[in-house]
Amino acid sequence: MKHLFLFGSLALATASVCAAPASKSGLGFNVTAQISATGQSQMPAQTIKASVLLSGSNARIETTGASTKSIVLYTPTWVYRLLPASKAGIKWKASGKQASSFGGFDPQELLKNPSQMQLALKQGGARRDGSAVINGIPVDIYNVTRPGQRFSKIRAWIRRTDSLPVRLEAISGGLKVTATWSQYTKLSNVSASKFAPPKGFAIRESQNPPSLALL
């Protein structure tokens, strides 16, 4: 299950750019991650997809894996993980912790703050080593190699216009994760109900976040 946590980590890396004063404005985007084994690891390749909606300091992440669909709601006070199939879920207090470098922070913060990826990479020792055009979008390419660290090799393609990620390749242990971000859309009149659990869900409170909080 480690590979699922990695996706949750990488996906949340995308959105302080939308934290505008107007609370009803927002940013929507999609994330797709392909997880495969490297070296001697034995694991079938998997694809996980997420649809993300951000507004102010709130986030809604709808994730689909091989057999599981879940919704994670992030608010300044609470985080909810909902399972629509069973109309159940859990909630826990949001920690509010901020990371100081790519090597130290919870990658889940990246999904809520994707515009911070470029800064995080630089703090982790990444250097710009080229540029490219992906689907008509000019991007800068960053590389970092950190032997012995959780993410030992990282290569990222960052949009030049607004520092949002387009693609990321990362190796962690015996796993390789390739993530792509697409369909960035600025939104208006985002309903607050998008960040609240639906009526009729049985939700219990947990003192600690689950290990696969975003999946």
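Provided above is the structure to which this section pertains.
Okay, so let's go over this structure. A quick note: this is a predicted structure, and the numbers were derived from the prediction, not measured.

### Overview of the pattern of salt bridges
One pass over the full model with this rule turns up 6 salt bridges. Notably, a salt bridge pairs Asp140 with Arg128, separated by 3.0 Å at the nearest N-O pair. In this pair, Asp140 sits in strand 8 (residues 137-145) while Arg128 sits in strand 7 (residues 127-134), placing the two residues 12 residues apart along the sequence. Take Asp140: its relative accessible area is 10%, and that puts it in the buried class. Among the ionic pairs, Asp140 bridges to Arg160, the shortest N-O distance being 3.3 Å. Of the two residues, Asp140 is situated in strand 8 and Arg160 in the loop between strand 9 (153-159) and strand 10 (165-172); the sequence distance between them amounts to 20 residues. Linked through salt bridges whose partners overlap, the residues forming this network are Arg128, Asp140 and Arg160.

### Considerations on the pairing of strand 4 (residues 69-74)
In terms of burial, strand 4 is largely enclosed, as 5 of its 6 residues are buried. Here strand 4 runs beside strand 5 (residues 78-83); their pairing, made up of 4 bridges, is antiparallel. Considered in strand 5, the bridge of Leu73 is made with Tyr80.

### Remarks on unusual backbone geometry
At Ser163, a residue that is not glycine, the phi angle is positive and equals roughly 65°. Even without being a glycine, Gln183 presents a positive backbone phi close to 55°. Residue Gln183 is classed as exposed on the basis of its relative accessible area of 58%.

### Details of the packing of aromatic side chains
Under the criterion given, the structure shown has 1 aromatic pair. With a centroid separation of 5.4 Å and 40° between ring planes, the pair formed by Phe29 and Tyr184 is classed as tilted. Note that Phe29 is positioned in strand 1 (residues 26-37) and Tyr184 in strand 11 (residues 175-187), a separation of 155 residues in sequence. For the pair Phe29 and Tyr184, a shared accessibility class is recorded, and that class is buried. Between the NZ or CZ atom of Lys91 and the centre of the ring of Trp78, over which it lies, the distance is 4.3 Å. Over the ring of Trp157 we find Arg167; its NZ or CZ atom is 5.5 Å from the centre of that ring.

Thresholds, definitions, all that
- Residues numbered from 1 in each chain as written.
- Predicted model: local features only at pLDDT ≥ 70, side-chain atom pairs only at ≥ 80, totals over all residues.
- Heavy atoms only, no water.
- Salt bridge = Lys/Arg side-chain N within 4 Å of Asp/Glu carboxyl O.
- Helix = DSSP H or I, 4+ residues; strand = E, 2+ residues; numbered from the N terminus.
- Buried < 20%, exposed > 50% of the residue type's maximum accessible area, 1.4 Å probe, protein only.
- Pairing = 2+ DSSP bridges.
- Phe/Tyr/Trp six-rings, centres within 6.5 Å; stacked < 30°, edge-to-face > 60°.
- Lys NZ or Arg CZ within 6 Å of the ring centre and 35° of its normal.

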